[in-house]
Amino acid sequence: MSVQVNHLAQYRAGWSELFNDLYRLLTSFIVFENDDEPVVIVNWVIHTWLIPLFEYTPYLHLFSATKGCGKSNLLKLIAWLSNKGRIEINCTNAIYRTIDKNKPTLCFDEIDRYNSEDKGELWGVLNQGNEQSGAIVTRYSGPNNSAEEFDLFCPKAFSGIGREKLPDTLQDRSIPIALRRKLKEETTQRFRARKVRITCNEFVEVIERQVEEIADEDIFPDKLQEDFLEVLEEHIENDRAIDIAEPLLLIASLGDEDWLNRTTQSLINLSIREDEEDYNNELLLLKVCAEVMKQELSYGRSNIYSKHLVEKVNNSDTGRFGRYNNGLGIDQMFLAQKLKGYKIKTQSVRGDNSEGILKGYKFEDFEEPIARYLPNLSEVKEDPPEQDELFE
């Protein structure tokens, strides 16, 4: 991080302490996929209190492959800590009236239950709301059918099962927060809503005092914004990803150098956009591999060649993966790419036949992902396959 932040030095210690305290609060209740996520969320919460200063607001997208990963609890923490935070479930496109009147921080829960076709207009309204200039929707009403404009600009967070449940256009405006299921050896505090709400209220009082202290300061001078933009452009290729990262980097500049550096790296890491994947299919794939593993272990085998695992997956009872690629099924590259998401990688293994050493998998590498995502091996229910489902 080459940008020097010399202004507001008298406030930096207070902000640094607040940032780190919020980080500890989040990580005491939630098991994150990586350390980047809570760092970004802390900055995001603070940006909701200074939202008029930004041209863009990044959306947050909390998602996981299955239930029981802490999405709703994290969304509550975000709503309770944010400026005018409120949780919405299955709202209509008329939410634009609430946005225009109250300028809240909106936290949408259970978006996986939304009917995409019925919510098309709602998604359209929300698409416009992350940019301050032009975030307007016009509605006609009254006896004279007069036009009325509503401002849509406000912070928004979304939560639900499966990354694909949020429309692509909203994903493009969002920072992905992938949550994972807690293992037995991973300790977190029990989330008791009443007590946690009291703690959040105490934090809100601190945030309000901190914001009030800098109310008359030029906290984000033009030169600082230009310098940060150069840093982001050097490391992030996607223009929209740069737009949504900049406000959080500016927020981080209120803290010390360590916090600024952590935030910079976290934003860069989370801006790397992987190909969109069907998380339910990924979980189903892991389950099929787990069933293969169970059978192979019963024969005393500790590893399997990639080509043999691919064959067993394609021929599994689910029938799902054998229909990929116009009926040819998945291949070794596809399997490796999907299992990589669970940190399962191919390596050289020796089979129990004359083929010698080939690329394959050790079953011990499957144990941790299975324990985390499929503790009972009954978490995945297959959705009816589409007639024209193709390997992509």
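Provided above is the structure to which this section pertains.
What you see is a predicted model; the values in this text were computed from it and never measured.

This part covers the overall build of the protein. In terms of regular secondary structure, the protein is built from 15 helices and 10 strands. Across the 392 residues that make up the protein, the buried fraction comes to 51%. Excluding contacts between residues fewer than 6 apart, the proportion of contacts in the protein whose partners are at least 24 apart in sequence is 73%. Summed over all atoms, the accessible surface of the protein reaches about 19,700 Å², with 43% contributed by carbon and sulfur.

Right, let's get into the sheet that holds strand β8 (residues 303-305). One open sheet accounts for 3 strands, arranged β8-β10-β9; its pairing is antiparallel. With one partner strand each, in any of the chains shown, β8 and β9 (347-350) form the two edges of the open sheet. The mean inter-strand angle of the sheet, taken between neighbouring strand axes irrespective of direction, is 65°. The pairing of β8 with strand β10 (residues 357-362) spans 3 bridges and is antiparallel. For Tyr305, the partnering residue across the bridge sits in β10 and is Gly360.

With respect to the element layout, Glu234 can be found in helix α8 (residues 222-235). For the pair Glu234 and Ile268, spaced 34 residues apart in the sequence, the C-alpha separation amounts to 10.0 Å.

This next bit is on the packing of aromatic side chains. Evaluated as defined, the whole model comprises 11 aromatic pairs. Between Phe29 and Phe191, the ring centres sit 5.5 Å apart and the planes meet at 75°, which makes this aromatic pair edge-to-face. Here Phe29 is found in helix α1 (residues 9-29), whereas its partner Phe191 is found in the loop between β7 (174-178) and α7 (193-213), with 162 residues between them in sequence. Residue classification places Phe29 among the buried residues on the basis of a relative accessible area of 14%. Looking at Phe191, the relative accessible area reads 17%, which means it is buried. Each member of the aromatic cluster is reached from another via a ring pair, and the members are Trp15, Phe19 and Trp259.

Calculation rules
Residues numbered from 1 in each chain as written. Predicted model: local features only at pLDDT ≥ 70, side-chain atom pairs only at ≥ 80, totals over all residues. Heavy atoms only, no water. Helix = DSSP H or I, 4+ residues; strand = E, 2+ residues; numbered from the N terminus. Buried < 20%, exposed > 50% of the residue type's maximum accessible area, 1.4 Å probe, protein only. Contact = heavy atoms within 4.5 Å. Areas by Shrake-Rupley, 256 points an atom, 1.4 Å probe, with all protein chains shown as cover. Pairing = 2+ DSSP bridges. Axes fitted to C-alpha atoms, helices over the stretch in contact; angles between N-to-C directions. Phe/Tyr/Trp six-rings, centres within 6.5 Å; stacked < 30°, edge-to-face > 60°.

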